[in-house]
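Commentary on secondary and tertiary structure
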Amino acid sequence: MSKREWPLYEVFIRSKAGLSHRHAGSIHAADDQMALDHARDTYTRRSEGVSLWVVRSSAIVASDPAESAAFFEPAKDKIYRHPTFYEIPDGVDNL
Amino acid sequence: MKSDDLLLAYVTRLGDNALVLAQRKIETVTLGPELEEELANANFALDYLGQARLFYTLAGELENAGRDEDDFAFLRSDHEFRNLLLLEQPNGHFGDMIARDFLFESFYVLQLEALERCRHAGVAAIAARAVKEVRYHLRHVGRWLVRLGDGTAQSHERAQRSIDDLWRFTGELFAADEIDRAFAKGFDGPDLEALRVQWQQAVAAVLAEATLKQPEDGWMASGGKQGRHSEHFGYLLAEMQHLHRSHPGATW
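This text gives an overview of the structure that appears in the document. (Residues numbered from 1 in each chain as written. Chains lettered and ligands numbered in written order. Predicted model: local features only at pLDDT ≥ 70, side-chain atom pairs only at ≥ 80, totals over all residues. Heavy atoms only, no water.)

1. Side note on the side chain of D177 of chain B
All names here are of chain B. In this structure, D177 sits in the loop between α7 (153–166) and α8 (178–187). Judged by relative accessible area, which is 14%, D177 ranks as buried. A polar contact is formed between the side chain of D177 and the side chain of Q226, at a distance of 3.1 Å. Residues contacting D177, with those up to four places away along its chain left out, are R13 and Q226. (Helix = DSSP H or I, 4+ residues; strand = E, 2+ residues; numbered from the N terminus. Buried < 20%, exposed > 50% of the residue type's maximum accessible area, 1.4 Å probe, protein only. Polar contact = N/O pair within 3.5 Å; in protein donor to acceptor, adjacent residues only side chain to side chain. Contact = heavy atoms within 4.5 Å.)

2. Examining the packing of aromatic side chains
Aromatic ring pairs are described here by two measures, namely the spacing of the ring centres and the angle between the planes. Counting across every chain of the model gives 14 aromatic pairs over all chains. Between Y48 of chain B and Y108 of chain B, the ring centres sit 6.1 Å apart and the planes meet at 25°, which makes this aromatic pair stacked. In this pair, Y48 of chain B sits in helix α2 (residues 35–63) while Y108 of chain B sits in helix α5 (residues 94–116), placing the two residues 60 residues apart along the sequence. Measuring from ring centre to ring centre gives 4.9 Å for F104 of chain B and Y108 of chain B, while their planes differ by 25°; the resulting arrangement is stacked. Here F104 of chain B and its partner Y108 of chain B are both found in helix α5, 4 residues apart, which amounts to about one turn of the helix. For the pair shown, F104 of chain B and Y108 of chain B are each scored as buried. Cluster of aromatic residues (ring-pair linked, three or more members): Y48, F104, F107, Y108, W167, F174 and W199 of chain B. For R40 of chain A, the ring lying beneath its charged end belongs to Y136 of chain B, and the centroid distance is 3.5 Å. (Phe/Tyr/Trp six-rings, centres within 6.5 Å; stacked < 30°, edge-to-face > 60°. Lys NZ or Arg CZ within 6 Å of the ring centre and 35° of its normal.)

3. Thoughts on the pattern of salt bridges
Residue and element names in this part refer to chain B. Within this structure, the stated rule accounts for 19 salt bridges over all chains. Among the salt bridges present, the one from D101 reaches K25, with a minimum N-O distance of 2.6 Å. Taken as a pair, D101 in helix α5 and K25 in helix α1 (residues 3–27) lie far apart in primary sequence, 76 residues in all. Residue D101 is classed as buried on the basis of its relative accessible area of 4%. K25 gets classed as buried once you look at its relative accessible area, which sits at 4%. Between R135 and E113 there is a salt bridge, and its shortest N-O distance comes to 3.2 Å. Here R135, found in helix α6 (residues 121–149), pairs with E113, found in helix α5; they are 22 residues apart in sequence, far enough to count as distant. Residue R135 is classed as partly exposed on the basis of its relative accessible area of 40%. Of the residues examined, E113 reaches a relative accessible area of 22% and is grouped as partly exposed. (Salt bridge = Lys/Arg side-chain N within 4 Å of Asp/Glu carboxyl O.)

4. Examining the nonpolar core
Residue and element names in this part refer to chain B. Among the nonpolar cores identified, the biggest contains 79 residues, and L103, F104, F107 and W199 are the most heavily contacted of them. Element by element, the count of residues in this core is highest for α6, at 13 residues. In this structure, W199 is in contact with L103, S106, F107, L110, W167, T170, L173 and F174, ignoring residues within four places of it in sequence. (Core = buried A, V, L, I, M, F, W, Y, C linked by side-chain atoms within 4.5 Å.)

5. Focus: a nonpolar patch on the surface
Taken together, the side chains of I26, V29, L46 and L49 of chain B present a nonpolar region at the surface, about 300 Å² in accessible area. Checked against the element boundaries, V29 of chain B lands in the loop between α1 and α2. (Patch = residues over 30% accessible without salt bridge, like charges linked within 9 Å, V, L, I, M, F, W, Y side chains within 5 Å. Areas by Shrake-Rupley, 256 points an atom, 1.4 Å probe, with all protein chains shown as cover.)

6. Notes on the interface of chain B and chain A
Counting from both sides, the interface comprises 13 residues of chain B and, opposite them, 13 residues of chain A. Taking both partners together, chain B and chain A bury about 1300 Å²; carbon and sulfur atoms supply 49% of that area. By the criterion of area lost to chain A, the three top residues of chain B are E36, Y136 and R147 of chain B, representing 41% of everything that side buries. The tally of links from chain B across to chain A stands at 2 salt bridges. Taken together, chain B and chain A are joined by 9 residue pairs in polar contact (both at pLDDT 80 or more). Secondary-structure elements contributing two or more residues to the side of chain B that touches chain A are α2 and α6 of chain B. (Buried area = accessible area lost by both parts, 1.4 Å probe.)

Shown next, in the form of structure tokens:
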């Protein structure tokens, strides 16, 4: 038997219409169709979603943790970029 | 047989098919080749167990003799089970299981689609729920058959042998008897001859994609639907029933 592992895929689930897909975890699969099946069987058994995305983990370009200071810290003291001066209307849960 | 008995026999058979396949799948729990495939198989087994419970509960209501789902599942002997022979065959290797599920589910989806439209409200309601589950199973095993058939030389050869070995059990899927005909006539149930044509087309399409040869129709095994089982069936029942028979009504 081959010792080579199936490629890793990242799984994203849309929990209900109108919301965006969120990362749920990862699975192994031999091809794209199998990845979708495995994502469905692993992550949506308890009605967690209405839509699934899977993508090869190797296709994701990630930021480098070593550069996180340069990437993210300059935004920290720019309070004027945050829309915190507006009142959120009642009944809007997912802004 | 009276028409009430024919209906009861028809519903019980549907339950028997679901339960026996559930039991075969349960036997392979913990043996999956990958964690994700393991979960899928266990989910599918539970889907079938759920269908069996619904069919047996309905059968108990039709019979009106105080028997519940457990009585049907655990307190009948082998000749009282009327499942298809295809479903009681030993699991074999992974390719055998894929081939068995593919041949059966290609039929079962068509059967459930027809039952969904039948004029027996109880059966139609169970079928409407079950067909969604089985459509997904079929998609899953169909993709696997293509992967194995159109895979390596070894996987192709073994998948072909699995299909060849199991082909002799496919005749029984469409062998209509008094019970099938009574349900077709009385409740607008599935016409097995019409299903055979649809099944052949569906199976041929996937086999072609999997680069597998469709076997010739030769001698076909039959008897499961009449309670005459293969030698494997007694072992299946013994494992499935011994706990309930040793400790009737046990709970935990």
